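Overview (structure and organization)
The residues making up each chain are set out below.
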Amino acid sequence: MSAKTSSPIAIASAVLLVFGLNARAVSPTVDFQEQIQPLLAEHCQKCHGPDKQKSKLRLDSPKNILKGGESGEPIFLPGHSAESHLVKLVTGADPDEVMPKEGKRLTADEIGLLKAWIDQGAKMPGVETVVAEGITTDHWSFQPVKRPPVPAINSPAVANAIDAFVLDRLNQKGLTPSPVASRETLIRRLYLVMLGLPPTPEDVDAFVRDKSPDAYRDLVDRVLASSHYGERWARHWLDVVRYADSNGFETNRERKNAYPYRDYVIKAFNDDKPYDQFIKEQLAGDAMGEDAATGFLVAGPYDIVKSPDISLTLMQRQNELDDMINTTGTAFLGLTLGCARCHNHKFDPILQKDYYSMQAVFAGVNHGERPLRRKLDADDACNLAELKKTLTAQKQGLEKYQKISAERLAKMPADAQRPPVNSKLNEERFTATEARAIRFTILATSSAEPCIDELEVFDTNGVNVALASHGSVPTASGTLPGYEIHKLKHLNDGLYGNSHSWISDTSGGGWVAITFPQVEQIDRILWGRDRDEAFKDRVITRYKIEASSDLQSWNQIASSDGRKPYEGKPDPDEFLARLTDNEVAAVKQTREQIRATQADIDTLTGNQQVWAGTFSQPDTTYRLYRGDPFAKREPVAPDEPTVFGTLGLAQDAPEQSRRVKLANWIASQENPLTARVMVNRLWQYIFGNGIVATASDFGGNGVAPTHPELLDWLADEFVKGGWSIKHIQRLILNSNTFRQSSQPQPEGLARDAGDSLLWRFQPRRLEAEPIRDSILAVSGALDTRMGGPGFYLLDVQEENVMHYFPKEKFGPLEFRRMIYLFKIRQEQDAIFGSFDCPDGNQVIPHRSRSNTPLQALNLFNSQFVLQQANFLAERLRKEAGDDPKQQVTRAFELAFARRPDSFETSVSTEMIHTDGLESFCRALYNTSEFLFVF
């Protein structure tokens, strides 16, 4: 069965292009039926005998000859035998590709006969009939969507058509659905699945008390109307489209203006933007007034390091385009188009030529920034004025701390202000201190990684006890690799000059320590960048020095505080040295607020750049033999896969029109894949598993649907409902299938342990984002501010190759929902990264759910969880008073959306008495009931 009927002329043109046929008129002297077909059939038998491994290339009939093999190469080029793939195979032009691989080869006379036939035009009888058949497939997902009849089932378990399809399959297997879950369970399930946050105790109480028949239906409507809905479902979509906020690869530079695409996706879900429009805008938003939407095209990894080797540069570009093709295919069509890059697809009716036709669509798309266009309305003008006032106030707040620092510096006696640091030699004097070790922590430098020539530590007798010859041992946070003259051993070798110095591996930071053989009485330290004064870069401008007598506790004995400002390159953070810890924290928070406000202003004024790609008219695209950029074959036009038809574009079609045409085809209601793929994703994210388990592969290598009729009914309903995502979700959520209890049943476990037939709601652990968001929500610390630049859970050290380090302290800036995390490719935050978070390097249609010791340790001992447990304890004391029973009740309402039973109350209050309220709160965060949706 053909997936789509095309005109005979269109099909003939496609096949002639793929296989190299032309209408060249040559008077034949070699007869195909009498001379060539017997020869090729015998040749085919050598490759397809009973003991041979079957090849994809068969030559025993005109149909199979035209079909070709899996390489994507035309079998022959009529009139050009020397360039024909078949001739190269039988002559052994490439030792790796010889036919037949075993047994007797064709003789020189037989090869000569074959060449003559090709040179004379390669005429075959019945070619017109074979061409007219086109490329066909009977695979289910390529067939048109047809709305099936709803099974006629008279049962109280049927609330809508979804239940009828599910119950019909259960009846066939002799299974019964589970009863409806309790109201407390339902509201918590609904909130976690659809919003990624737990309901408040007030929400739960209102729903439980509402006795109206429409109480649950109204609750579903309120949840779908919540702004938190878009945040939850955007995270799913960002997995599918491999979104992150850095380039990846070795340099892994930040993309500080990629977030408008993330915000666009959130708004699209909240607004219930029709899915067909959502598709079109992501592929061609520049033609539709949605600039941020094309961030989809360039959301993947991007290597900014280009090679002088042209072959590597060309392959880089091929990889960039492959990322766009593969993501478009998997996200919207559920097809692994990337598998046809080097040869015809092994499982699906996708030709290699189709892959490069898709490449021609995206050939003019380049990674990069462009202006984010926006028209201001009256409300925008008012918002802009308010934002400018806010920015002025925030800058004044920052200046306040700079003035405080300057005033403290001015009040210091002139002789109390030590000289500024210099590159040659600096001295630290302090009260005699017992020390077994000293630690020198670098807080800022004049440039790049800090360098120390020699670190000398003197005892009260003037002896340098830091020398290696004295038995002292240096350690460091890290050493710049690849330089013999800058190794750690030079820190205390007693030799001066740049050629005997240590350099950190961290730009602007790091630490070194020296441990003495025994406790020493020290009172002076000397250090510098280069005693020979040949180098004046890498100077340490801010620092602190600590001593320890027991190698466990450390006391500060010296620092850069009190020194005059560095006289070289100004340090913009120098004023922080004279501020308290609380004041420094306030400065950091103010700077973050200034950055966010400025970003909002840039968005409104049109000054904002957005990482959404740039576009240019591309050169001609060619099919590449084996994907080799230097092995160009025939030129191809921008097009959809041949099995579906054609876009009808010329090879030199305008760049934007290529993407518009492709978007219109993908978003067409006649496309058999688009609606099926999306409703399956919606089903998967609600129930944990899709009707089709391989959510991004609906092809021959994917898994067949468990409920094919239900899938097609939903797909048809999706299109008929105006491509409304919320309409499909509302149907699913109001079904009794979703409302079932999650409790196991012996019969169900025996016959369908994996719950593929949906006889209960399958419990599952939450992903990293709703776990972290729920912890913040329950503790009362969650910042629900939406949109704008993301927050960081990694500290950034900027240089050519970026370095990222997990944060160890968390404040209000890090208390936003995790959808707003500035996502660094190839890196994970130290706590929730272990919960199977994607790294942004590839599309993730379905997250895995591992169970590791590191997850348990992170949830039990991390600074973040300890901090939030303390916040929750404070909240419980405030809302429930000092009575442990009341505290337990309130905690269960917040964390589990229910009240505790008598046993839970008893053991919980006992724990509070013995271990403290904070420990009890930490235990709640580690329970299965908190981490799972039931």
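In what follows, the accompanying structure is described.

Parameters and conventions
- Residue positions are given per chain, counting from 1 as you read along its sequence in written order.
- The predicted origin of the model limits local features to residues at a pLDDT of at least 70 and limits the giving and counting of side-chain atom pairs to 80 or more, whereas totals for whole chains, interfaces and linings rest on all residues.
- Neither water nor hydrogens contribute to the side-chain values; these are computed over all heavy atoms in the structure.
- Only buried residues count toward a nonpolar core. Its members are Ala, Val, Leu, Ile, Met, Phe, Trp, Tyr and Cys residues joined through side-chain atoms within 4.5 Å.
- Burial status follows relative accessibility: with a 1.4 Å probe on protein chains alone, a residue under 20% of its type maximum counts as buried, one over 50% as exposed, and anything between as partly exposed.
- Numbering of helices and strands starts at the N terminus; helices are DSSP runs of H or I of at least 4 residues and strands are runs of E of at least 2.
- Domain start and end points were adopted from an automatic or database domain assignment.
- Only heavy atoms enter the contact rule, under which two residues are in contact if any of them lie within 4.5 Å.
- Between Lys or Arg on one side and Asp or Glu on the other, a salt bridge is scored when a side-chain nitrogen of the former is within 4 Å of a carboxyl oxygen of the latter.
- Strand pairing is assigned whenever DSSP detects at least two bridges linking the two strands.
- Only residues whose relative accessible area exceeds 30% and that form no salt bridge are eligible for patches; like-charged ones are grouped when within 9 Å, while nonpolar side chains (Val, Leu, Ile, Met, Phe, Trp, Tyr) are grouped when within 5 Å.
- Note on areas: Shrake-Rupley, 1.4 Å probe, and residue coverage restricted to the protein chains presented here.
- In this analysis the probe radius is 1.4 Å and the grid spacing 1 Å, with only protein atoms considered; a cavity is a set of points the probe fits into but cannot get out of, a pocket is an open set with protein on both sides within 12 Å along at least five of seven lines, and lining residues have an atom within 4 Å of a point.
- Grid points are joined across faces, edges and corners, and a volume is the space filled by probe spheres set on the points.
- Working definition: rings of Phe, Tyr and Trp (its six-membered ring) pair if their centres are within 6.5 Å, and the pair is stacked with planes under 30 degrees apart, edge-to-face with planes over 60 apart, and tilted otherwise.
- As a reminder, the over-ring test applies to NZ of lysine and CZ of arginine, requiring each to be within 6 Å of the ring centre and within 35 degrees of the ring normal.

Ranked by size, the top nonpolar core spans 160 residues in total, and within it Met-194, Trp-237, Tyr-275, Phe-332, Phe-362 and Phe-832 carry the most contacts. In terms of residues, this core owes the most to one element, helix H19 (residues 674-687), which gives nine residues. When residues are assigned to domains, this core turns out to be shared by domain 2 (274-368 + 611-671) and domain 4 (863-933), each giving three or more. Excluding anything up to four places from it in sequence, Trp-237 contacts Tyr-261, Val-265, Phe-269, Tyr-275, Phe-278, Gln-282, Ala-331, Phe-332 and Met-678. Ranked by size, the runner-up nonpolar core spans 27 residues in total, among them Ala-435, Leu-491, Ile-522 and Trp-527.

Tallied over the entire structure, the rule returns 53 salt bridges. For Glu-254, the salt bridge identified is with Lys-256, shortest N-O distance 3.9 Å. Glu-254 gets classed as buried once you look at its relative accessible area, which sits at 16%. On the accessibility criterion, Lys-256 (43% relative accessible area) is partly exposed.

Moving on to the pairing of strand S5 (residues 456-459). Where burial is concerned, the two faces of S5 agree: the one with Glu-456 and Phe-458 and the one with Val-457 and Asp-459 are both buried. Pairing geometry for S5 and strand S8 (residues 510-527), over four bridges, is antiparallel. Bridge assignment links Asp-459 to a residue of S8, and that residue is Ile-522.

We now examine a nonpolar patch on the surface. A grouping of Ile-310, Leu-314 and Phe-630 is seen on the molecular surface, where their side chains present a nonpolar patch of about 290 Å² in accessible area. By the element assignment, Leu-314 lies in helix H14 (residues 310-333).

Mapping Phe-458 onto the fold places it in strand S5. Along the chain, Phe-458 and Leu-39 lie 419 residues apart, while their C-alpha atoms are 94 Å from each other. When residues no more than four places from it in sequence are discounted, the contact partners of Phe-458 are Val-463, Asn-464, Gln-521, Ile-522, Asp-523, Arg-524 and Leu-526.

What follows deals with the layout of surface pockets. Looking at the second largest pocket, its volume works out to about 1300 Å³. Taken together, 46 residues line the second largest pocket, and the ones lying closest to its centre are Asp-263, Arg-374, Thr-603, Gly-787 and Gly-788. Of all the elements in the fold, those that place two or more residues in the lining of the second largest pocket are helix H12 (259-270), helix H16 (378-411) and helix H17 (581-605). Ranked by residue count, the leading element in the lining of the second largest pocket is H17, at nine residues.

Scanning the model with the defined rule gives 36 aromatic pairs in all. Aromatic pair Phe-440 and Tyr-543: ring centres 5.3 Å apart, planes at 25 degrees, arrangement stacked. Of this pair, Phe-440 sits in strand S3 (residues 426-445) while Tyr-543 sits in strand S9 (residues 540-548), and the two are 103 residues apart along the sequence. Note on accessibility: Phe-440 and Tyr-543 belong to one class, buried. Judged by centre distance (5.3 Å) and plane angle (55 degrees), the rings of Phe-644 and Trp-665 are tilted. Of this pair, Phe-644 sits in the loop between strand S14 (632-636) and helix H18 (655-666) while Trp-665 sits in helix H18, and the two are 21 residues apart along the sequence. For the residue pair Phe-644 and Trp-665, the accessibility class agrees, reading buried in each case. Taken together, the ring pairs in this structure connect Trp-237, Tyr-243, Tyr-261, Tyr-264, Phe-269, Tyr-275, Phe-278, Phe-296, Phe-332, Phe-718 and Trp-723 into an aromatic cluster. The ring of Phe-761 has Arg-189 sitting right over it, with the charged end atom 3.9 Å from the ring centre. A cation sits over an aromatic face here: Arg-922 above Phe-860, 4.4 Å from the ring centre.

By themselves these figures say nothing about function.
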